[in-house]
Amino acid sequence: MDSGSSPFFQVMNGWAVSPGLHQNHNNFLPAIKSMPISAVKQNSVLQTLVNKSEEPEKEPESEDLLRAEQEWDALENIQTELYCKKTGLIGVLPGQTPLISFNEALQYFQTADLSEYMKKIQPTVRRSGFSAVSHLLFGPPRLHRDLHAERDLVLTIAQCPLDNGQQVHVRILQTIYKKLTGARFDCPLFGSHWEQLGFQGLDPGTDLRAAGLLGLMHLLHMVMDPKILPLAHDIFRLSQHHRQNFPFCLMSLNITRICIQVLREERVSRECNRRQQVFAVLNDLYVAVYFHLYHVWKTQNKTISDSGYVLKEVEVLAKKKPKELFRQLDVHLKERPLPKDLPLEIWTHHPAEQRIENHDGSHAQAGGICFTGVCEQQVQEDRLI
């Protein structure tokens, strides 16, 4: 229930409380009403309540003191209940959802029963006729057989939907939110704050159709690696720009989709074979592609109207020259000093509609440009996920 609009709730010190609480206890001191609960504990009127177990027995408590004790209990119960509802996790107290590392999340997927989703994967792009012969003779090398299981796990995770009832899924989502925004406490699992983070709606799970939980795993890798987190903050700040803004998380999911296709087309098999890894290579490719897109977007003054063209160019580059993308990212990370992990100041609110400048000098309403669908599944052979 929206505490700001409902006649049944009033806001007191940042918490929604029932007005009946005040109507039924007219003798509750105004000074106490204006204090947060932590400050109320220091009030001399309630010191007896807080420390009464340590004092010898006294005369029966007055009626006013009993009313104050009831008021105190009601306020604490309401505060705890409202926070649990705010987090979206019934029974979870403030800050009790711990951050999760990429390796811990990966271990969960390695041990979970994903057989239902593994049936849906197609590890490589199907080719026939001249295309198959040409790929065999002149294409990139095939992935080593001992890496097939890891590749299949990657593609299986890309088929997994977000399950808000699964604690690891929630921890991944909450970790991404906290590391990007600098928030200390959990956020609701549904709400407009996900739109400001760059999802299309109130439920981030609806955007994962083309990338599954692999899209969140890539974001988790970027925000949990201390060397890459400053870059994630740079990209996120640019996505909040008054003119060059773009949906940060939705753009990320499109890049994950590109990485999936590059893997299925065996464009990074040589690097995977060299390093004897699949997940680590794909993580690096994801960051390298996002860095390249960020560089192009910033230096060439791109806007949301250019998103389709930029993504297409990035996809072609990722398939033809992944090694060059790796090199660019490596140079950037080596040249940039590692700053302290300071809280990120965000939430530059933009109007629902903004005027943006097109290449021909004309203007259009940003609100009329639909970014939806860039990440949608297409009925083509090279669009499995």
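Everything that follows concerns the structure shown earlier in this document.
What counts as what
- Residues numbered from 1 in each chain as written.
- Predicted model: local features only at pLDDT ≥ 70, side-chain atom pairs only at ≥ 80, totals over all residues.
- Heavy atoms only, no water.
- Helix = DSSP H or I, 4+ residues; strand = E, 2+ residues; numbered from the N terminus.
- Buried < 20%, exposed > 50% of the residue type's maximum accessible area, 1.4 Å probe, protein only.
- Contact = heavy atoms within 4.5 Å.
- Areas by Shrake-Rupley, 256 points an atom, 1.4 Å probe, with all protein chains shown as cover.
- Arc of directions from axis to C-beta.
- Salt bridge = Lys/Arg side-chain N within 4 Å of Asp/Glu carboxyl O.
- Core = buried A, V, L, I, M, F, W, Y, C linked by side-chain atoms within 4.5 Å.
- Axes fitted to C-alpha atoms, helices over the stretch in contact; angles between N-to-C directions.
- Parallel < 35°, antiparallel > 145°, perpendicular 65-115°, else oblique.
- Nonpolar A, V, L, I, M, F, W, Y, C, P; charged D, E, K, R; others polar.
- Phe/Tyr/Trp six-rings, centres within 6.5 Å; stacked < 30°, edge-to-face > 60°.

A. Examining the overall build of the protein more closely. A count of helices and strands for the protein gives 18 helices and four strands. Burial analysis of the protein (385 residues in total) assigns 46% to the buried set. A separation threshold of at least 6 residues defines the contact pool for the protein, and within that pool the share at least 24 residues apart is 72%. As displayed, the protein has an accessible area near 20600 Å², and 52% of this comes from carbon and sulfur atoms.

B. Fine view of helix H6 (residues 102-111). Among all positions in H6, only Phe102, Ala105, Leu106 and Phe109 are buried. Down the axis of H6, the buried set is contained in an arc of 100°. They therefore lie on one face. What points out from H6, more than 90 degrees from its buried face, is the exposed set Asn103, Gln110 and Thr111. Those residues of H6 that are buried lie in contact with helix H9 (148-157), helix H10 (167-181), helix H12 (212-224) and helix H16 (279-299).

C. Unusual backbone geometry, seen in detail. Despite not being glycine, Glu266 has its phi angle at roughly 60°, a positive value. With respect to the helices and strands, the residue Glu266 is situated in the loop between helix H14 (248-264) and helix H15 (269-275). Residue class for Glu266 comes out buried when judged on its relative accessible area of 5%. Phi at Gln276 takes a positive value of approximately 55°, unusual for a residue other than glycine. As for its placement among the helices and strands, Gln276 is situated in the loop between H15 and H16.

D. Here's a closer look at the pattern of salt bridges. Counted under the stated rule, the structure contains 13 salt bridges. Between Arg237 and Asp234 there is a salt bridge, and its shortest N-O distance comes to 3.6 Å. On the criterion of helical spacing, the pair formed by Arg237 and Asp234 is a turn pair, its members being three residues apart in helix H13 (residues 229-239). Close ionic contact of Glu315 with Arg257 constitutes a salt bridge, the shortest N to O distance being 3.5 Å. With Glu315 in helix H17 (residues 307-320) and Arg257 in helix H14, this pair connects stretches of sequence that are 58 residues apart.

E. View of the environment of Glu315. Taking relative accessible area as the criterion, Glu315 reaches 4% and is therefore assigned buried. In the structure, Glu315 is positioned 26 residues away from Val289 in sequence and 8.4 Å away in space, judged by C-alpha atoms.

F. Seen up close, the nonpolar core. By size, the foremost hydrophobic cluster in this structure holds 80 residues, and its most contacted members are Ile172, Leu216, Met217, Phe248, Leu285, Tyr290 and Leu293. Per-element tally for this core: the top contributor is H16, with 13 residues. Ignoring anything within four residues of it in the chain, the contact list for Ile172 reads Ile100, Ala105, Phe109, Leu216, Met217 and Leu220.

G. Seen up close, the packing of H6 against H12. Running from N to C, H6 and H12 cross one another at 155°; their axes reach a closest spacing of 9 Å. Taken together, H6 and H12 sit at an angle that is classed as roughly antiparallel. Residues Phe102, Ala105, Leu106 and Phe109 of H6 form the contact with H12, whose own contacting residues are Leu213, Met217, Leu220 and His221. Considered class by class, the residues forming the contact of H6 with H12 number seven nonpolar, one polar and no charged.

H. Fine view of the packing of aromatic side chains. Taken as a whole and judged by the stated rule, the model has eight aromatic pairs. Taking 5.5 Å as the distance between ring centres and 80° as the angle between the ring planes, the aromatic pair formed by Phe102 and Phe279 counts as edge-to-face. You can see Phe102 sitting in helix H6 and its partner Phe279 sitting in helix H16, a full 177 residues away along the chain. Taking relative accessible area as the criterion, Phe102 reaches 11% and is therefore assigned buried. A relative accessible area of 3% places Phe279 in the buried class. Site record: aromatic cluster; members linked through ring pairs are Phe236, Phe248, Tyr286 and Tyr290.

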